[in-house]
Amino acid sequence: MRRALAAHLTDVRSSPFYETSPVGGPHDQPDYLNAVIVGRTSLSARALFTLLRKSEFAAGRRRARGARNGPRPLDLDLLLYGNEQIRSRALTVPHPRMASRLFVLVPLADVAARRVVPGTGKTVARLLAEARLDSTERVRPAGRVRRSKRAAPARAAVRIAARARTGKASSG
């Protein structure tokens, strides 16, 4: 996954990993590791989304019909794509549930706190402050994340916030 994304992202910044309680799905799920990366890309939003899905599949994720929020080895979401708002059957940007989810907003605030989320008129920091008022999610720094050969596959989620790379400087 790292190589596939590295070939298409520049000016990359990443948050630390956070250990987070699962949201939705079966109640007996273990915690997840979540992080956010931000970068610029020459890919369209749809092409980047397709790359993320292929990366999930390569990591062993299989999407079962009707099964939502269940355990999975890797979950990649396209949170933002510049200032665009995209609504299609396959892709919605900004991510439709990001404004209420601490597991998204906490790491996103590490790398883009002042970023205004299209369609909300609010910064990531503001959305995070509002979400903290109502959330029961547990989000804590994961410390140093190591992968042992004997350990079970990591249940990780990396959220992507990207901006189109153009010849002009873009804000955001």
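A brief report on the enclosed structure follows.

Rules and cut-offs
Residues numbered from 1 in each chain as written. Predicted model: local features only at pLDDT ≥ 70, side-chain atom pairs only at ≥ 80, totals over all residues. Heavy atoms only, no water. Axes fitted to C-alpha atoms, helices over the stretch in contact; angles between N-to-C directions. Helix = DSSP H or I, 4+ residues; strand = E, 2+ residues; numbered from the N terminus. Parallel < 35°, antiparallel > 145°, perpendicular 65-115°, else oblique. Left-handed = near helix turned anticlockwise from the far one by under 90°. Contact = heavy atoms within 4.5 Å. Nonpolar A, V, L, I, M, F, W, Y, C, P; charged D, E, K, R; others polar. Core = buried A, V, L, I, M, F, W, Y, C linked by side-chain atoms within 4.5 Å. Buried < 20%, exposed > 50% of the residue type's maximum accessible area, 1.4 Å probe, protein only. Polar contact = N/O pair within 3.5 Å; in protein donor to acceptor, adjacent residues only side chain to side chain. Pairing = 2+ DSSP bridges. Salt bridge = Lys/Arg side-chain N within 4 Å of Asp/Glu carboxyl O.

In contact at an axis separation of 9 Å, helix α3 (residues 102-112) and helix α4 (residues 124-134) are set at 150° when each is read in the N-to-C sense. Accordingly, the angle class assigned to the pair α3 and α4 is roughly antiparallel. Considering only the axes of α3 and α4, their crossing is left-handed. Of the residues in α4, those touching α3 at L102, L105, V106, L108, A109 and A112 are V124, L127, L128, A131 and R132. Of the residues assigned to the contact of α3 with α4, the class counts are 10 nonpolar, no polar and 1 charged.

Attention shifts here to the nonpolar core. Residues V36, L79, L80, M98, L105, L108 and V117 are the most contacted members of the largest nonpolar core, which totals 19 residues. Of all the secondary structure elements, the ones that give two or more residues to this core are β3 (32-41), β4 (74-81), α3 and α4. Per-element tally for this core: the top contributor is α3, with 8 residues. Counting 16 residues, the second largest nonpolar core, distinct from the first, contains L9, L43, A45 and V93.

A word on the side chain of N34. Inspection of the secondary structure puts N34 in strand β3. Take N34: its relative accessible area is 2%, and that puts it in the buried class. At a separation of 2.6 Å, a polar atom in the side chain of N34 contacts the side chain of T20.

Most of β3 is tucked away, with 10 of its 10 residues classed as buried. Bridge analysis of strand β1 (residues 9-14) against β3 gives 4 bridges, and the strand direction is antiparallel. Bridge pairing in β3 places T10 opposite R40. Bridging between strand β2 (residues 18-20) and β3 involves 3 bridges; their strand directions are antiparallel.

Here we take up the pattern of salt bridges. Any two side chains of opposite charge can pair, given that their charged atoms come close. This structure, assessed with the given rule, holds 4 salt bridges. One salt bridge in this structure joins R140 and E19, with 2.8 Å as the shortest N-O distance. With R140 in strand β9 (residues 139-141) and E19 in strand β2, the pair connects residues that are 121 residues apart, well separated along the chain. Relative accessible area serves as the criterion here: at 24%, E19 is assigned to the partly exposed category. Look at the salt bridges and you will find they share partners, linking K122, R126 and E130 into a network.

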